[in-house]
Structure formats: C-alpha cells, structure tokens
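Tertiary structure, described
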Protein chains: 4
Amino acid sequence: MLPEIAKLGHIALITPDLKKSLWFFTEVLGLEETEDVNGTHYLRAWGDFEHHSLSLTQGKKSKVDHIAWRTKRPEDVGKFAKMLEAAGAKVTWVEKGVEAGQGRAIRFQLPSEHPFEIYYEMEKTKPDQERKSVLKNQVYKSWRKGASPRRFDHVNLATSQDPAAIHKWLIDNLGFKLREYVDLGNGVIQAGWLSVTPLVHDIAVMAEPEAETPNRLHHLAYWFDNAQDILRAADILSEYGIEFVGPGKHGISQAIYLYVKDAGSNHRIELFSGSYLIFEPDWEPVQWTPEDLKVGLTYWGQDAVIGNEESTEA
Amino acid sequence: MLPEIAKLGHIALITPDLKKSLWFFTEVLGLEETEDVNGTHYLRAWGDFEHHSLSLTQGKKSKVDHIAWRTKRPEDVGKFAKMLEAAGAKVTWVEKGVEAGQGRAIRFQLPSEHPFEIYYEMEKTKPDQERKSVLKNQVYKSWRKGASPRRFDHVNLATSQDPAAIHKWLIDNLGFKLREYVDLGNGVIQAGWLSVTPLVHDIAVMAEPEAETPNRLHHLAYWFDNAQDILRAADILSEYGIEFVGPGKHGISQAIYLYVKDAGSNHRIELFSGSYLIFEPDWEPVQWTPEDLKVGLTYWGQDAVIGNEESTEA
Amino acid sequence: MLPEIAKLGHIALITPDLKKSLWFFTEVLGLEETEDVNGTHYLRAWGDFEHHSLSLTQGKKSKVDHIAWRTKRPEDVGKFAKMLEAAGAKVTWVEKGVEAGQGRAIRFQLPSEHPFEIYYEMEKTKPDQERKSVLKNQVYKSWRKGASPRRFDHVNLATSQDPAAIHKWLIDNLGFKLREYVDLGNGVIQAGWLSVTPLVHDIAVMAEPEAETPNRLHHLAYWFDNAQDILRAADILSEYGIEFVGPGKHGISQAIYLYVKDAGSNHRIELFSGSYLIFEPDWEPVQWTPEDLKVGLTYWGQDAVIGNEESTEA
Amino acid sequence: MLPEIAKLGHIALITPDLKKSLWFFTEVLGLEETEDVNGTHYLRAWGDFEHHSLSLTQGKKSKVDHIAWRTKRPEDVGKFAKMLEAAGAKVTWVEKGVEAGQGRAIRFQLPSEHPFEIYYEMEKTKPDQERKSVLKNQVYKSWRKGASPRRFDHVNLATSQDPAAIHKWLIDNLGFKLREYVDLGNGVIQAGWLSVTPLVHDIAVMAEPEAETPNRLHHLAYWFDNAQDILRAADILSEYGIEFVGPGKHGISQAIYLYVKDAGSNHRIELFSGSYLIFEPDWEPVQWTPEDLKVGLTYWGQDAVIGNEESTEA
C-alpha cells in the first residue's frame, strides 16, 4: 500500500525578532503557546489538536525551517523516505523529540528547495485547566485573545521555477490533487492549488519569476469559522496600527481573505474563512485563464496580488 | 417654538433609463415598490415606515429631483417656509398628492442649488398581504429579494462651493448639528457630516471643486443591520457582474460600506452598516486632519475616495 | 422651555460580592474600568463616551442604587427638580463629585419606588494610551476582552404596581414616548417600551404582580453591533460555564437577545443587538395582544420570559 | 483494493404533498431544481456539484426512498455489491438512468432496514445561463431565493434497534469511522456520529426505542457558510410562520443548528453551520456521558431533543 499524506501539520518559522513575532502570533493573532523548549516556542490555534501548528525560533534572518505533513499511518514515514530517495530527493531523519511533541520524522526539499518534513507521531497535548475548553471535542476555549482563528489551514509557496513542475512533483511524489490553477496560455501555469484533503488547498504553489531564491513563502493561513470574524480581526489589526490587505473574496478557492505580515519575521499570514470542500473523487481541476482571472483573483474587496511580490525565504 | 426637522424622508431620482434603474433598485438592491403613479415608481426598504424613501422617474438625464425631510410637527412646514424665505430662499409649495402619499410640502434650494423638500404629512402605507411582515413593528417581510437593506439612511452631497458654508447654512436654517468634519488646515473644510437625529449623519456635504455644477449627489445610503449583510450583498452584486467599491470601514462615522452605482441612472448608492449613535447633547464635532485622515477615510478595506470624483447632478 | 431628557446615562449597582461582579463585568462582559473611587468602580463599554455607564459598589444585598438620565441642557436639571417636586416627588440633590465625574444632580423615586437620578454635567474621560482607540470618534479599542459590547443601551424595570401608571408617569413627567406595549385586554397593560431617543426603548416597565417590592430591575442591556457578536458572546459565556437564556429574537422591539446574570449581584444583563430606530414624530405605539404575543415575545430562539420571574431589587 | 465511500450523495424523499414539499425546498429553503423527470423533482443547493442532492416524489405516505453514497472509484460499486452480499445484505441493481443523471447503482438495506444506495457515476449538470454563477468553481449563483444553503451535508438516522450495532455495521461494511458518541453507561450507546470524510459526520445513527419502525429519519442537513446565515434563515422561516427549533449550538460536533420540518412530507431538515473538520488519522472517538451530555446536546441556545421524538420513516 502506498504511503499517504493525511494533512498539513505545522510550519516552523525562523524570525530575527522572536519577541515581536511572539507578540504578533499570541497577542494579535491569538494563538496559544503549548510550550517553549530550547528557545523554540510551539504555538497552535484553539481548535488545533496536535502539539503545535506553528513554531517560532530566533535566527539571523527570516526563514521557513520546514513545512510539516502528517501521514495516514505510522509506517508511511519510512515508506515516503524510500520513495523520495528513489525519486532523487535527499532525505534526512529527525529523531524523536528533536522537535517537541514529535516522533521520528524525515526532512527533504522540493525541487524548488522548499524544506518539507513528514511525520506521523505527534503528541495531542492537553491544555492547562484554565485555557481548556468545556467541549470535549475542542482543545482550548475560543476567543481568549486577539483575532482567535480556529485552526491552521494551508501554506502558499512561491518559486522562481516553473510552478507547474512543482505541482507535478507534489502530485507524483506526495499524492496531492490539483484543484484549481491559473493558466496564462502557451503552457504557462502561473499558480496551482492542491490538496490531499477535501480542502481546496492544503498547499498552493505559484510563480514569482524574479524572486531571489526558488524557495519562497507567500503566506501561511489560519482558518476562521465566520466571515464576520475576519471583519472583527480587521478592527483588531487596525487598532494595533498594523497594515493589511483585505478583506476580500477570491474567486479562486472562494476564500474570504485578509493578509497581514508579522512585523517580527516579515512572514505573511492569511486570515481565512469561507472557501468550499471538494468531496468528488473525479474533480476536474478548475482552470482560470486571463479572461476570467479578474474574478478569480478578486471576486470582491481589496485586491490581493498573488503574483510577483514580497515573499519570505522558505 | 422653532420648527424642527425630524428625519430624512426620501430622495426623488430622475433616471434616463427607468427600466434599468427599476431593476437595480428592486431586484438587485431589493427595495419594495409601494405603487407606481403617473410614471413615478415609489419604493422603500422593508423597514421603511413611510410611503416611499426613494422614487424613480424617467427623465432626459440623471438628476436628483429633490431630497425630502420630514418635520416634527404639521405646522413646522409653514414655519420653515417663512423662515427660509426670510433667509433668502425661494420657496415653492407642492400641493397634497402631487407626490403620491404626501401632503402639502415646500421646495427650495440650498445655496449650492441642491433641491430640498420639507413635508410633514405622509401616508404610512400598509403592504399587501403577501409581502407584509408578521411583525407588527415591521412593514414588509425582510429578505425577499436582492441585498435587502432595512431602511433609507442618509444622503451625501458634493459641491463645487465651499462645503463649510453649506454646513453653516444647514445648521443655521434647518437645525442640523455638525458631528464630524475634515479640516485640511488654513480654514479649508473638505467635508462635514451632520444630523438632526442621533445618527452620525443624515447628510454629509463635501467639496468637489471641479464639479460641473455646484449641486452634486455623491451618494445615497441604505442601512443593513449586520456587517455580514454587506458581504452577502457583495456576493450578490458580483454575481450580477456589477462593479463596486468596498467592503471597507471608514474611520469617519465608523461606517461599514460598499459603494455601487445604479447603471440606469449612474447615481451612487452606499450599502451601509455599523456606525454609531450620538446621544450626547454637547457633542464636540470630531475633527479629522491630514495627519489622521488616512484612518478617517479607510479604517480598513478597499479605499473609497470621498474627494473629487464622479458624482451625479442633484 | 420644558426640560428634556437626552439619554439614559448609567446605572449604579450594589452588589454583595464586588469581586465576583467586577470579574463578570470586566472580564466576561468586557467593560473597561474608568476609575475606582472610594470603593465604587466606574465602568463603561468601549463606545460609551461618558465617564461611566455602570458602577459597582459593595453592599449588604443586591440592589440598584440609581438609574441616571442625562438632560439636554444644563439648566434642565433644576427645571426637572421643580417640576418633579410640583408633581409630588421627593427630590434630593447630589453634589458635584459625590459620584465620580458627575456634576450636581437630583435623585427621586418613581411612584414604583425605582430610584432615578437626573444630571447634565459628566466628564467625558479619555482612556489611557494603551486602551485608547486609534479612531477619534471611539473611546477605547474594541474587542480587548470578553464579549465586548459597544455601549449601554437600556433598562427594563418590573413592578408589582400597574405598569401602565408608571408608563403614564414617565410620559407626563419625563417626556418619554410609548413605542410598543402589551395589552392583555380589559385594560390590563402588561408591559410598555418607552424612549426619549429614536431607540425603541431607553426603558421598559412591566408587570411582576407577585414581586416582593414594587421597584424591581428586570435587566439592563448593553448593545452589540452585529448579531454574530451575540453568538460569539454565547461561546464565551458557555466556556465560563455561565448559564444564560437565548440567543433569540423578540418580535417586540426586534431585539436579538441573550440574557445572563452577574453571579456576584444576581442582576440580569441583556446582550442586545438588532432592533430598529423610530424617527417618525407621529409614531403610533405598537400594540401586542394575547393573539400575537407569541411572535411578540419570541420571533425565534430560546424563549425569554418577560413576565413574573426573578428580578432584583431596584 | 477495498472499495471506498467518497461522500454522501443524495437523499430521495417520498412526500404525500409534493406541491407543498416543492414549495418548501425551493422557495423557503432555496434549493435549485435541476430537472423534473417522470414526476420526480431533482434538487440541489447552489454549491452542490452533482445532478441532485435531494429528490422529491409523490407517494402515499412520507418516506425515505433511499440515501445514496458515492464511491471513490467506478469499480467500487460492484465491489461493494459483492462484499455486501457476502455480509448477508440483499443487493439489487438500479440501471443507469432509472434515477436521472445517475449510472448503474446498487440498493440494499442496513440491518435497521434503512434503504441505502451506492453509485459512482453521476452527471455534474451545468445550470442554465440565468442561474449560473460567474465563479468557475461554483454551480449556481448564491442567495437567489430563501435561506440558500451551500450544500447537502449529512443525514441523521434513528432506529428502534441498538444504534451501536448499526455503527459497527457501517464501520465494518462501508468504512465509516466513529467520530463522537453518547455512552449512557452499562454498554448503552445512545447515538454515534460517523464519517468517511473529514466532516465530523456524514451520518449519525441514534436510538429511538419506541419508534414504530426500525428505519427512521431524524433529519437531513444542509450546510451554510456562516452562523449569521442561520439567523437570517430564522427570520425567513418566521415570516412564513413556519415553526422550528433553534438556533443553538450542539457541543457534539459543534454544530450551529436550526431544525425545521417540511410541512409537505414532515421530514425534518437541519440548517447547519459551524462544526469542525477531523484530519487526524488516529482520531479517538469523543465520548459523551450523562455527566457531560448537557453541554454535548446544547452548548447554547434552544434545546434540540435528539432522543425519542417524531421522526419519519426511512
């Protein structure tokens, strides 16, 4: 049986200003800190079940240390290691506990040099009594601080390489399905949205031709239950004097969005609601062309450029 | 006892394309038609109590026929007539029934030539059984069609004259209070928001120095109970392929806004929620200066220019 | 010129458990504390402009110390004093500063012994830098803590006396207008909603025939901009394990409601959104009868009994 | 490779009053009609991709004709046929086209006699130009009529048999996973929520000990993007004078709910928002016991009884 990815797990961020990033992610965005181990702060949203969905570590410059994916079965990690090595990737093992809460995992890079991790074992840490939800199916109380998203949702990568090649690599090697894509004609694919789950995208990869490095992070996204929660977040950010783009609604993925940057790390975060689920096994990838790209990018609201713009190194 | 304005009553619009305007206001915006008399269509929102809050009449070009204000007492109409004539305005009387549902009224112009009407008597027409709300304090069922605002809210005028002079005229002659204003320094007032009610504005008047005429309509506004209703309206407009500006939130008046034009008449309509109420009798007008105007105009969201832009003739 | 009430100002509550009440009003409801003077804590919502809209003082038992109304003009306080004395009320003066932020005021009782205060002068206290909104027309940042309502809205009184007599007294002596009422037939008026503002009610007075005292507080209400905010408040209360009634929507006043009690004082608080505004000067009070009372009380949602139930002493 | 269920496809309802049911589902709920073939009306929500998610056929009494599940692969239908026969079920084939838009399918009953269908092939019918969304990833324009849910979500069955046995049957034979359940102690399982997708439940099965038949439908559910949409639906239903239960929020599944019955068929429909997604492959079913069942059933809002109550025959 082929190994399978179950879900996006977490993203490990390096920030040159840990204090400011911690403030942004915990006070402004409202993530909860599970624990702080050896200088790495492990955070998650109130509805995230695993030990962490985001980690912050001080570093010389802003970077993505890795983007981690959970497998469906314990043995899938090893199977992926073999398959990826056979496919030419350089795979290294990370021992249990190197990352807090996590079992043995592998690390490797996409052809675009984006750093990925695959793991299965992860602690589903219980919160302390004060922050614990009264609901048995929810980790923390909601609405304790800041914008207060429910859960980690997706990552959006940019690359100076041909994104279509990365889409193919993700499909061939990790089992992703292409859900929507932007086709500029003449074989030029500008962007693609892919998933292993019914979400329209667990990951997107798009072109950023003039990027300094091939491995860029366009943004990571946290999910909110209601569009109104995004408007509330807009109030909160405005009161902090933090600039952002949105709110708006993409035609592509039907996302209600607001894009904001962590001033500590310069990484961009999407506050995300709406969208839709794909349960059809024979989904035909939705093609957006220059003719209909306007509504694809901005169904309504403040435009969010998805092309050549400031990304961070991944 | 001095006469007093109780509220903004309605706006009478001339449209060069009545059919298209009717479609926009009834199908897209979702206003209800009270009746159609001599070619004039009398409309109102589901929560408007009076016979109409907007009327549409075919004409050669787009224009505002009049903006109507209801007085607190029947005798106030005559009192205003005398006071306005004493103040130099040319006042004409409109007989009962000339405007459907309405009693005797006066018409006059602001120094900026904006056409105003003052009336007291107006039929509070009952809707037909099918459209009638089950609530005794609500006129029509809500949510029957289109965006479905609750009620008419305010008008926003533009002028090539000094808006401060018009603000003063409204304060001195009609009893308005200045609630917020934009002061560009050196005595230049760009815009002011005024009301006779606890709403931040029943009317705004702002500078449009290069306008063709002194009497311009920047927009008229209908109120929605929830910010989410504005997002729903954005979906509806987008599905009709109708362009608009917003959603966003002004710092000034704390309005959640979306601006859209009736393609039939080119008149601009604001879909409006949020804002706040002023109950303080000693309200100090809130001054916005170039230093804080950015947050004043756009607390968040897609910018809505309030300066020199396309207005319609009023 | 007759004196006039401009607005409901504040409510002064006595609580037998100040600590618990403070926690409820500041942490759970999310009111801001302006200051603490001689053991009285002065609170307000983020959108309240005056020094306080609610105060909490330790006392032997739960009680309303007074319900305060602001006049339109400074001289109205003295005028009301004379008129009320002429009408048989016993009026006492409260000197400037006895209540923090407030000028000279009068106190008196309704025929139902509900304690009222009338004042004009009140400090519009600026918040400290950290809590201050970036908006010049808003006092505090919104959404800092708890449910986070915008402003104090209304009080709802219960009495063992005939509520219709109290309605009449409020109309005759304080200038209130009756907006809606419940008529059980045979001249029995169960409840009435009255206002001096365009709100449907600044005050309601309803029958509680078997109450221990004639002066009961059914609830006080804080306003939220969006119905969704009430659902968010329901989540927050549920996480604290605090019981409440609602959400629901009254036909009467079209209020979106949630009723919760401060466990420290047992006073009931309504979290309130929706409703409508009355700008018509010739408003006909809306009559609800036993035939249509069901939709009047509960248009939808969890029933909130407005009849004979636990109230607190006022 | 074992056959797999991809998703809940549709529910085929028999109604003794087709006209009234059609009115309810298309005008009040706002479903779109794909087509009407041989007296069966095929409906779907604006975001449903397949030919239909619900069908209505006139019959002598209210009944569920079948509940249909789509497989992941074409060959899975035949594989399921063999496996189910081996497991003792009586399987019958339905030829292509018997049900409009659908390919060859199988029908069988659960041990509780609930009628199931399994199919793979289904037309993804394009809507006519007028109703078509401008979005390439959305079928119909949203918000055209009535409450306007996005998509079909789940079914909730009741049975006089032991629900735990049905849960086990669904797990063993159709690959469902148990997500949450109510354990009354002493081995009595009152209800279970199961899914093949990351939804908390595609199906629930609960005890109704005194039901006339073992095969009952408690409700079917349509999904709305925002909790606010449920409140809007409450307004719409109230204006039609249609009674319902809710809004409220279950702790179990974290569903924002409103339950309403189609007066034509008496089938119950849940208007549903909120909830959460389960991406963890090692999900431990959440156990609710009598001690925490109160918050499990009603986190807040009007109680919705999930026990012994009016269901319809399935």
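Along each chain, residues carry numbers from 1 onward, in the same order as the chain's sequence is written. Ligands are numbered from 1 and chains lettered from A, in the order in which they are written. Selection of residues for local features in this predicted model requires a pLDDT of at least 70, selection of side-chain atom pairs for listing and counting requires 80 or more, and totals for whole chains, interfaces and linings are taken over all residues.

Concerning the overall build of chain A
Strands are runs of DSSP state E lasting at least 2 residues, helices are runs of H or I lasting at least 4, and numbering of each runs from the N terminus. On a plain count of helices and strands, chain A comes out with five helices and 19 strands. In terms of overall dimensions, chain A has a C-alpha envelope of 55 × 45 × 40 Å along the principal axes. Three exposure classes are used. Buried residues have 20 or more other C-beta atoms within 10 Å of their own C-beta, exposed residues have 12 or fewer, and partly exposed residues fall in between, all C-beta atoms being placed from the backbone. Counting every position in chain A, which comprises 314 residues, the buried fraction comes to 60%.

A few points about the relation of the copies chain B and chain A
To superpose the copies, least squares is applied to the C-alpha atoms of every residue with a pLDDT of at least 70 in both. Here chain B sits on chain A after a turn of 180° about the axis and a move of 0.0 Å along it, with an RMSD of 0.0 Å. Taken together, the turn and the small shift mark the pair as related by a two-fold rotation axis. Among all C-alpha atoms of chain B, that of Gln302(B) lies closest to the rotation axis, at 2.3 Å. Of the residues that chain B buries at the interface, 100% are likewise interface residues in chain A, meaning the two copies contact each other through the same surface. Working definition of a contact: two residues with C-beta atoms, positioned from the backbone, lying within 7 Å.

Points about the interface of chain B and chain A
Opposite the ten residues of chain B that make contact, chain A presents ten residues. Elements supplying a minimum of two residues to the side of chain B that touches chain A: α4 (227-239) and β18 (300-301) of chain B. For the side of chain B that touches chain A, the element with the highest residue contribution is α4(B), accounting for five residues. Ten residues, namely Ala, Val, Leu, Ile, Met, Phe, Trp, Tyr, Cys and Pro, are considered nonpolar, four, namely Asp, Glu, Lys and Arg, are considered charged, and the remaining ones, Gly among them, are considered polar. Residues that form the side of chain B that touches chain A fall into these classes: six nonpolar, four polar and no charged.

Here we look at the environment of Pro285(D)
Residues and elements named next belong to chain D. Note on placement: Pro285 falls in the loop between β16 (268-274) and β17 (286-288). We classify Pro285 as partly exposed; it has 15 C-beta atoms within 10 Å. For the pair Pro285 and Trp193, spaced 92 residues apart in sequence, the C-alpha to C-alpha distance is 9.1 Å. In contact with Pro285, other than residues within four places in its own chain, are Leu178, Arg179, Glu180 and Tyr181.

A closer look at the interface of chain C and chain B
Counting from both sides, the interface comprises 30 residues of chain C and, opposite them, 30 residues of chain B. Among the elements of the structure, β1 (5-15), α4 (227-239) and β17 (286-288) of chain C are those that each provide at least two residues to the side of chain C that touches chain B.

Focus: the relation of the copies chain C and chain B
Rotating chain C by 180° about the axis while translating it 0.0 Å along that axis superimposes it on chain B, leaving an RMSD of 0.0 Å. Most of the interface of chain C is mirrored in chain B: 100% of its interface residues are interface residues there too.

Focus: the confidence of the model for chain A
Note: predicted coordinates in regions of low pLDDT should not be interpreted at a detailed level. Scored by pLDDT, chain A comes out at a mean of 96, with 98% of its residues at no less than 70. Reported confidence for the predicted complex is 0.96 by ipTM and 0.97 by pTM. Each residue carries a pLDDT score, the predictor's own confidence in it, on a scale running from 0 to 100.

Quick look at the nonpolar core
In this description, a nonpolar core means buried residues of the types Ala, Val, Leu, Ile, Met, Phe, Trp, Tyr and Cys, linked to one another by C-beta atoms lying within 7 Å. With 395 residues, the main nonpolar core has Leu271(A), Leu271(B), Leu271(C) and Leu271(D) as its most contacted residues. Aside from chain neighbours lying at most four places away, what touches Leu271(B) is Ala147(B), Pro149(B), Tyr222(B), Phe224(B), Ile230(B), Ala233(B), Leu258(B) and Val260(B).

A closer look at helix α1 (residues 18-28) of chain C
All names here are of chain C. Looking only at α1, the buried set comprises Ser21, Leu22, Phe24, Phe25 and Val28. Contacts made by the buried residues of α1 are with β1, β3 (40-44), β4 (54-58) and α4. Residue Gly30 follows α1 closely and has a positive phi angle near 90°.

Looking at the sheet that holds strand β4 (residues 54-58) of chain D
Residues and elements named next belong to chain D. Any two strands between which DSSP finds at least two bridges are classified as paired. Across the sheet, eight strands lie side by side as β2-β3-β4-β1-β5-β8-β7-β6; this open sheet has mixed pairing. The open sheet has two edge strands with one neighbour each: β2 (32-37) and β6 (92-94). Between one strand and the next, the sheet's axes are offset by a mean angle of 25°, whatever the strand orientation. Where β2 meets strand β3 (residues 40-44), five bridges bridge the pair, whose relative direction is antiparallel. Within β3, the position partnered with Glu32 by the bridge is Arg44. Set on the sheet, helix α2 (residues 76-86) makes contact with β5 (63-71), β7 (105-109) and β8 (115-119); between it and β7 the angle comes to about 30°. To define axes, lines are fitted to C-alpha atoms, for helices over the stretch in contact only, and angles between the resulting N-to-C directions are given on a 0 to 180 degree scale.

Here we look at the sheet that holds strand β8 (residues 115-119) of chain A
Residues and elements named next belong to chain A. The strand order across the open sheet built from eight strands is β2-β3-β4-β1-β5-β8-β7-β6, with neighbouring strands paired in mixed fashion. Whereas interior strands pair on both sides, the edge strands pair on one side only; in this sheet they are β2 (32-37) and β6 (92-94). Going from strand to strand, the sheet's axes swing by 25° on average, the running direction of each strand aside. By the bridge criterion, eight bridges tie strand β1 (residues 5-15) to strand β5 (residues 63-71) in an arrangement that is antiparallel. By the bridge assignment, His10 is partnered in β5 with Ala68.

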